[in-house]
Amino acid sequence: MFRIFVSDNRIVNGMDANELKRWAAQTAKAYDNLAREFGKDAPAFYTQSNLTAVKHAPDIFIMGINPGSVGTYKEQCEQDYWQLDGKSMDGEHLLKGNPSWGERFGWPYWLRLRQLFDEEDNPLDDERNFVVTNATFFATSKAKDLYPKFLPATLSYTLELIELLKPKTIVVLSGKSLLKTIKAQCDATHRPFEYARPFASVGNIFTGHLDGIPCCGIPHPSASLFREERELMRRIVMQVHRRERINIEDYKDLLDKISRRRKRTGRLSKEETANLYDALVLRMQKLPYINYESHKDIRRYDLNNGLQLTIANNSTTHCIGIRPKEYHGEKDISQLSIPHVQEVWKCLEQMNYVSTSSWLGAKDFTTLRITDSVEDTAGNLAEEIARLICEIYKVLPPVCES
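Here the residue numbering is sequential within each chain, running from 1 through the sequence in written order. The predicted origin of the model limits local features to residues at a pLDDT of at least 70 and limits the giving and counting of side-chain atom pairs to 80 or more, whereas totals for whole chains, interfaces and linings rest on all residues. With hydrogens and water stripped out, all remaining heavy atoms of the structure feed into the side-chain values.

Student: Would you mind going over the side chain of Glu-228 in detail, with residue names and values included?
Tutor: For Glu-228, the location among the structural elements is in helix H7 (residues 227–241). Each residue is assigned to one of three classes by its accessible area relative to the maximum for its type, calculated with a 1.4 Å probe on protein chains only: buried under 20%, partly exposed between the two thresholds, exposed over 50%. Judged by relative accessible area, which is 14%, Glu-228 ranks as buried. Between two residues, a contact is recorded if the distance between any of their heavy atoms is within 4.5 Å. Every residue in contact with Glu-228, bar those within four places of it in the chain, is listed here: Leu-254, Lys-257, Ile-258 and Arg-261. Here a helix means four or more residues in a row that DSSP labels H or I, a strand means two or more in a row labelled E, and each is numbered from the N terminus.

What follows is the structure, encoded as structure tokens:
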């Protein structure tokens, strides 16, 4: 029987707070055992949103793979930040979630989540009405760094949380990979779960039902996506949430736009990319931005407003990118608090820059086309950079030097 809890242990709709407390205590103990089994380098673990705030069956349950942060469980137990006083994680602290959760309004990650829903009556505006958590609570900077045993060993506790809360809609982030793991767990435990791709041409969006609850799987908000792909995600999430039938014909125009954006008929060769990089760096000398870091294959420019512009052409990065100057790749950029980030995003998206886990916006050289010559293309890019930064300065002005 599913019942809804309140903080003072009164029973509403048949469930009291003790059920959630039992889940939290049992879950914290299981994670503690796994961490101790792993050893001194076991990662910290925590949920995200404050579960004690939920007062009824939430409208939305959002689940990623795992928290994107660094630090060991040993450090977590000892740091004042977690208020564990050197003791093991317990159910009470686990329910409270991420101590930084109150700062989410400045996180790009949070703003991207909010954009999945209509601005009016957005379910993420009321903390009593949603849950944001992960399939496993063990935290690593990147999901790929997660110890293989942790996800299958802990996913059952997140699925039990869904069973307890009975949300109206489930949204699975990084759905292409995570849904497979959920499916395997559900099959092993005889929990009903089915999902499929609604569009043959889009391989990273899914819809289905978990324990009878409508769900959808979408890319992570920090994924490198075109604005048309984000609009597709938003429309699917809203239709699933509203329990509307998805009519493929309604999406034809949007799918056609995505298909055209993905085509790379003019993809540059390595030689063209290298020549374009050199020509663009030369053009940047005429623009009024301080080049504060230079290497053979990378240039960084200070925009004097907390942001920097990078032009790179090395083994891993071939792009023009913008992000905070103080960011050095230590965590997913979507978890940093960045002033006016939504307005900055709009400036970047208007010029077809794509946000990623490492960049507020980036334009990949390999997706460009040389229309006339490398020199002309470099000139056009330099002019575009100047226009872009001018627009960004309207929302995040440069600091005036005294």
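Student: Please set out the pairing of strand E7 (residues 206–210) residue by residue, giving values where relevant.
Tutor: Extensive coverage of E7 is indicated by the burial of four of its five residues. In short, DSSP must find at least two bridges between two strands for them to pair. As paired strands, strand E6 (residues 193–196) and E7 are joined by four bridges and run antiparallel to one another. By the bridge assignment, Tyr-195 is partnered in E7 with Gly-208. For E7 and strand E8 (residues 213–218), the ladder comprises five bridges, and the chain directions are antiparallel. Each residue of the ladder has a partner; that of His-209, found in E8, is Pro-214. Taking the residues between adjacent antiparallel strands as the criterion, E7 and E8 are bridged by two residues, where Asp-211 takes a positive phi near 55°.

Student: How would you sum up the sheet that holds strand E5 (residues 169–173)? Please name residues and give values.
Tutor: Strand order in this open sheet of six strands is E4-E3-E5-E8-E7-E6, and the pairing throughout is mixed. Edge positions in the open sheet fall to strand E4 (130–134) and E6, since each of these has one partner strand only. With direction set aside, neighbouring strand axes in the sheet form an average angle of 20°. By the bridge criterion, four bridges tie strand E3 (residues 60–64) to E5 in an arrangement that is parallel. Along E5, the bridge assignment pairs Ile-62 with Val-171. Axes here mean lines fitted to C-alpha atoms, for a helix over just the part in contact, with angles spanning 0 to 180 degrees between N-to-C directions.

Student: Can you lay out helix H6 (residues 175–189) for me, pointing to particular residues and giving the numbers?
Tutor: Expected helix span is taken as 1.5 Å per residue step, with the number of steps being one fewer than the number of residues. For H6, which comprises 15 residues, the first-to-last C-alpha distance of 20 Å matches the rise-based estimate of 21 Å (1.5 Å per residue) to within 8%. Those residues of H6 not exposed but buried are Gly-175, Leu-178, Leu-179, Ile-182, Gln-185 and Cys-186. The buried residues of H6 occupy an angular sector of 125° when projected down its axis, which confines them to one face. Among the exposed residues of H6, those oriented more than 90 degrees off its buried face are Lys-176, Lys-180 and Ala-188. Where H6 is buried, its residues meet E3, helix H5 (150–165), E5, E6, E7 and E8. At the C-terminal side of H6, His-190 shows a positive phi close to 60°. Regarding the arc, it is the one traced by the directions from the helix axis to the C-beta atoms.

Student: Tell me about the side chain of Asn-98, and please be specific about residues and values.
Tutor: Within the secondary structure, Asn-98 is located in the loop between helix H3 (91–96) and helix H4 (108–114). Beyond its immediate sequence surroundings of up to four residues, Asn-98 is in contact with Tyr-46, Thr-47, Gln-48, Tyr-81 and Trp-107.

Student: Now, about the environment of Tyr-277: what can you tell me, with residues and values included?
Tutor: Note that Tyr-277 resides in helix H9 (residues 270–284). Classification of Tyr-277 by relative accessible area gives buried; the value is 4%. Taking the C-alpha atoms as reference points, Tyr-277 and Leu-94, separated by 183 residues in sequence, lie 49 Å from one another. Leave out the neighbours within four places in its chain, and Tyr-277 touches His-295, Lys-296, Asp-297, Ile-298, Arg-299, Ile-311, Ala-312, Asn-313 and Phe-365. A polar atom in the side chain of Tyr-277 sits 2.8 Å from the backbone nitrogen of Ile-298. Each polar contact in these results corresponds to two N or O atoms within 3.5 Å; when the atoms are within protein, one needs to be able to donate a hydrogen and the other to accept it, and residues that are neighboring in sequence are counted only if both atoms are side-chain atoms.

Student: Which residues make up the sheet that holds strand E11 (residues 307–313), and what are the values?
Tutor: Reading across the sheet, the five strands line up as E9-E10-E11-E12-E13 and stay open at both edges, with antiparallel pairing between neighbours. The open sheet is flanked by strand E9 (290–295) and strand E13 (361–364), the only strands paired with a single partner. Geometrically, the sheet is characterised by an average inter-axis angle of 15° between neighbouring strands, direction not taken into account. Examined bridge by bridge, strand E12 (residues 318–324) and E13 share four bridges and lie antiparallel to one another. Residue Cys-319 lies in a different strand from E13, and its bridge partner there is Asp-364. The strands touched by H9 within the sheet are E9, strand E10 (298–302), E11 and E12, with E11 carrying the most contacts at an inclination of about 145°.

Student: Tell me about the nonpolar core, and please be specific about residues and values.
Tutor: We define a nonpolar core as any set of buried Ala, Val, Leu, Ile, Met, Phe, Trp, Tyr and Cys residues linked to one another through side-chain atoms lying within 4.5 Å. Trp-23 and Ile-182 are the most contacted members of the largest nonpolar core, which totals 49 residues. It is H5 that provides the largest number of residues to this core, a total of nine residues. In this structure Ile-182 touches Met-63, Leu-155, Leu-159, Val-172 and Phe-193, once residues within four positions along its chain are discounted. Tyr-301, Ile-338, Leu-368 and Leu-381 belong to the second largest nonpolar core, which has 40 residues in total.

Shape is all these values report; function is a separate question.
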